2 protein chains.
Amino acid sequence: MALIGIGLIGSSLALAARRHGLASEIVAVARQQATLDEARSLNLADTYTSEAAEAVRGADLVILCTPVGAFEAVANAIAPHLEPGAILTDVGSVKGHVHRVVGPLVPEGVHFIPGHPMAGTEHSGPSAGFAELFENRWCILTPTDGQDRKAVDRLIGFWKAMGSKVDLMGHAHHDLVVAITSHVPHLVAYNIVGTADDLATVSKSEVIKFSAGGFRDFTRIAASDPVMWRDVFLTNRDAVLEMLGRFLEDLAMLQRHVRNGDGPALEALFTRTRAIRRSIIDAGQETAAPDFGRPHGGEGPAEPPSR
Amino acid sequence: MALIGIGLIGSSLALAARRHGLASEIVAVARQQATLDEARSLNLADTYTSEAAEAVRGADLVILCTPVGAFEAVANAIAPHLEPGAILTDVGSVKGHVHRVVGPLVPEGVHFIPGHPMAGTEHSGPSAGFAELFENRWCILTPTDGQDRKAVDRLIGFWKAMGSKVDLMGHAHHDLVVAITSHVPHLVAYNIVGTADDLATVSKSEVIKFSAGGFRDFTRIAASDPVMWRDVFLTNRDAVLEMLGRFLEDLAMLQRHVRNGDGPALEALFTRTRAIRRSIIDAGQETAAPDFGRPHGGEGPAEPPSR
């Protein structure tokens, strides 16, 4: 197994694949020596290299784990060296773009099956990974029509062995689904944190002190990897703008309800949204513990984390 | 101590005051018999009544813990029965409105000192409370100019004894601070959850299945008490519309960056917002654990909660 990129997702794949005995040899690729050194110190793989072309030689499974913006260059570098019969997949948050830029570069005989595990944390880098990251989370695969069913089944088996649930869909539909479940939420979170940071009437220290009123929930996803998310918005523009447009239409209506003091309309929306969280908890995609299970009581100033 | 309203905050006050020995007798008030019965079964107070007027007789400390929209009616009912020298305070999320509607009803000799603990969870009702809720959280008091300093100090001491940090500020500034740190975040969360619920192109079951990509973070605060939040938006309209206006201006700019594919502008914002979470963690107002410390691995479909 060759992991091109060894950040949060790449390192979690390495740890999960090893725990579940899914790869006889793991090769980790990173451009920067410091990242490779960190991966090596964490014993994430068997071999470490900055040369993606070298890493994919002899690999049955090649997984692109860099930010999506790097995929085209990586695909150009590795394409001539991919083994016939190998599976080439990825973990990018956008799938139409991946089909578009990587697809044409894939040699015949290589099974190209783009994928996207809906899992992560706000941390990044090789030390952010953990073997349980994919457990009980969905992984969406977007194979092209006519893709070899056996290869798709092998990849499904790989994800299921790590504890994932797997769904198949077309890449265009995937990109709409994640625009509303992931990309627009991130955009809105980044935006409100930026707005709060910019205010003159409320000081930054007040925003920080009083963040427990709701704001701090947004800061988690607004702390996600900046380069990864830049690439998401550069490559899923149409679906993001479409879903952002819906969001803005609804927000204009809600703003009107606030301006008009329309209590019944506000209460009706707030009652409806409460039920959706219940469904997510019932589906096993969220903890039922109040406040995400955050510690309450004695949670003083934190130790600076190691990263 | 008389608690008018015995939901999440009222019940937490009862438990914290008892744990820290802050009240010799606790009287719990609720309009509905079912709520009183629930409070009694949880042994939250010493006495239970649906008559607020009766509860405040002989009380040194009266705390309004109902949704803000009920304050005026409650104040009318209790005003003639408040003891001279008693402190009347509240835990409402809006303070200008409280000064405006309750202030004029307070008899001379009663110390009216509105307050707002920045603490809570998405759960509500008497069984949602816990004694640690206020630990390490800020409580803002907004006394009027010329309020008796000794009374203010007694109320500060009450909150500090429960583990809170206390800040004093004017009610107008409070209402702006919470508009950006709490009210607009809630409005945006309610809105995006509503948008996702309304889509035709992405099914509700897909939104639920794939919510771990970011959406589920928003559902927590969009699961907050509908009546309480209706009243917040009805009573803090001007500050909410002002802060929502700023948010929308910034979002228009961000939308433009997405449309234009402006990578450097996106990356610059996403890098800046990441630092703010770090500050909130360093200030002890957020957990440093990845993903809020949510359980990873083995978090299957949840048991239905008791409420």
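Rules of the game
Residues numbered from 1 in each chain as written. Chains lettered and ligands numbered in written order. Predicted model: local features only at pLDDT ≥ 70, side-chain atom pairs only at ≥ 80, totals over all residues. Helix = DSSP H or I, 4+ residues; strand = E, 2+ residues; numbered from the N terminus. Rg over C-alpha atoms; globule rule 2.2 N^0.38 Å. Buried ≥ 20, exposed ≤ 12 C-beta atoms within 10 Å, placed from the backbone. Contact = placed C-beta atoms within 7 Å. Nonpolar A, V, L, I, M, F, W, Y, C, P; charged D, E, K, R; others polar. Pairing = 2+ DSSP bridges. Axes fitted to C-alpha atoms, helices over the stretch in contact; angles between N-to-C directions. Expected span 1.5 Å × (residues − 1). Arc of directions from axis to C-beta. Right-handed = clockwise from strand over helix to strand, strands pointing away. Domains from an automatic or database assignment. Core = buried A, V, L, I, M, F, W, Y, C linked by C-beta atoms within 7 Å. Least-squares fit on C-alpha atoms with pLDDT ≥ 70 in both. pLDDT = per-residue confidence, 0-100. Parallel < 35°, antiparallel > 145°, perpendicular 65-115°, else oblique. Left-handed = near helix turned anticlockwise from the far one by under 90°.

Caption draft 1: Inspection of the overall build of chain A at higher detail. When helices and strands are counted, chain A shows 12 helices and nine strands. Against the 2.2 N^0.38 benchmark of 19 Å for 307 residues, chain A shows a C-alpha radius of gyration of 21 Å, consistent with a compact globule. Across its three principal axes, chain A shows a C-alpha extent of roughly 65 × 45 × 35 Å. Expressed as a percentage of its 307 residues, the buried residues of chain A come to 54%. Taking all contacts inside chain A whose residues are at least 6 apart in sequence as the whole, residues at least 24 apart take part in 73%.

Caption draft 2: Geometry of unusual backbone geometry. One non-glycine residue with positive phi stands out, namely Asn-136 of chain A, at about 70°. Its place among the elements puts Asn-136 of chain A in the loop between β7 (115-117) and β8 (138-141).

Caption draft 3: Local environment of the interface of chain A and chain B. Between chain A and chain B, the contact holds 106 residues from the first and 106 residues from the second. Looking at the side of chain A that touches chain B, the elements with two or more residues in it are α7 (171-198), α8 (204-209), α9 (215-221), α10 (226-235), α11 (237-260) and α12 (263-282) of chain A. Take the side of chain A that touches chain B: its biggest share by element is 19 residues, from α7 of chain A. Grouping the amino acids of the side of chain A that touches chain B by side-chain chemistry returns 54 nonpolar, 28 polar and 24 charged.

Caption draft 4: Examining the sheet that holds strand β2 (residues 27-29) of chain A more closely. Read across the open sheet, the six strands follow the order β3-β2-β1-β4-β5-β6 (chain A); overall the sheet is parallel. What marks the edges here is a single partner per strand, and that holds for β3 (47-49) and β6 (111-112) of chain A.

Caption draft 5: Up close: the sheet that holds β7 of chain A. All names here are of chain A. Reading across the sheet, the three strands line up as β7-β8-β9 and stay open at both edges, with mixed pairing between neighbours. What marks the edges here is a single partner per strand, and that holds for β7 and β9 (165-168). Neighbour-to-neighbour, the strand axes of this sheet turn through a mean angle of 20°, independent of strand direction. Relative to β9, β8 runs parallel, the two sharing four bridges. Of the residues in β9, the one forming a bridge with Trp-138 is Lys-165. Set on the sheet, helix α6 (residues 149-161) makes contact with β7, β8 and β9; between it and β8 the angle comes to about 165°.

Caption draft 6: Representation of α6 of chain A within the structure. Residues and elements named next belong to chain A. The terminal C-alpha atoms of α6, which comprises 13 residues, lie 18 Å apart, in line with the 18 Å expected from a rise of 1.5 Å per residue. Those residues of α6 that fall on the buried side of the exposure criterion are Leu-155, Phe-158 and Trp-159. The arc that holds the buried residues of α6, viewed along the axis, is 95°, so those residues lie on one side. Exposed positions of α6 whose direction lies more than 90 degrees from the buried face are Arg-149, Lys-150, Asp-153 and Gly-157. Once α6 ends, the next one or two residues include Gly-163, with phi positive near 100°.

Caption draft 7: Here's a closer look at the pairing of strand β5 (residues 87-90) of chain B. All names here are of chain B. Side chains Ile-87 and Thr-89 project from β5 onto one buried face, and the interleaved Leu-88 and Asp-90 project onto a second face that is buried too. Viewed along the sheet, the connection from strand β4 (residues 61-64) through helix α4 (residues 71-78) into β5 turns out right-handed. As paired elements, β5 and strand β6 (residues 111-112) share two bridges and run parallel to each other. When the bridges of β6 are listed, Leu-88 appears paired with Phe-112.

Caption draft 8: Broad picture of the domain arrangement of chain A. All names here are of chain A. For chain A, the assigned domains are domain 1 (2-169) and domain 2 (173-287). Spacing between the C-alpha centres of domain 1 and domain 2 amounts to 29 Å. Domain 1 puts 15 residues into the contact, and the matching count from domain 2 is 18 residues. Here the residues of the side of domain 1 that touches domain 2 sort into five nonpolar, eight polar and two charged.

Caption draft 9: Summary view of the nonpolar core. Leu-3 of chain A together with Leu-3 of chain B are the most contacted members of the largest nonpolar core, which totals 201 residues. Non-local contacts of Leu-3 of chain A, meaning those with residues more than four positions away in its chain, are made with Gly-10, Leu-13, Ala-14, Ile-26, Val-27, Ala-28, Val-29, Ile-63 and Cys-65 of chain A.

Caption draft 10: Focus on the relation of the copies chain A and chain B. When chain A is fitted to chain B, the residual RMSD is 0.0 Å, and the transformation amounts to a turn of 180° plus an axial shift of 0.0 Å. Put plainly, the chains are arranged around a two-fold axis. Counting the interface residues of chain A, we find that 100% of their copies in chain B are interface residues as well, pointing to one common contact surface.

Caption draft 11: Region of interest: the environment of Val-27 of chain B. Residues and elements named next belong to chain B. On the secondary structure map, Val-27 appears in strand β2 (residues 27-29). The class for Val-27 is buried, based on 24 C-beta atoms found within 10 Å. The spacing of Val-27 and His-257 is 230 residues in sequence and 56 Å in space, taken between C-alpha atoms. Apart from the residues within four sequence positions on either side, Val-27 is in contact with Ala-2, Leu-3, Ala-45, Asp-46, Thr-47, Thr-49, Ala-55 and Ala-59.

Caption draft 12: Seen up close, the confidence of the model for chain A. Residue and element names in this part refer to chain A. Per-residue confidence for chain A gives a mean pLDDT of 95, with 96% of residues at or over 70. For the stretch residues 299-307, pLDDT sits under 50, and the model shows 15 contacts to residues farther than four places along the chain or on other chains. ipTM for the predicted complex: 0.93, alongside a pTM of 0.93.

Caption draft 13: Representation of the packing of α7 of chain A against helix α7 (residues 171-198) of chain B. The contact between α7 of chain A and α7 of chain B brings their axes to 11 Å, and the two run at 165°. Put simply, α7 of chain A runs roughly antiparallel to α7 of chain B. Handedness of the α7 of chain A/α7 of chain B crossing: right-handed. Counted together, Ile-180, Val-184, Pro-185, Val-188, Ile-192 and Ala-196 of chain A of α7 of chain A and Ile-180, Val-184, Pro-185, Val-188, Ile-192 and Ala-196 of chain B of α7 of chain B form the full contact between these two elements. In terms of residue class, the contact of α7 of chain A with α7 of chain B is built from 12 nonpolar, no polar and no charged.

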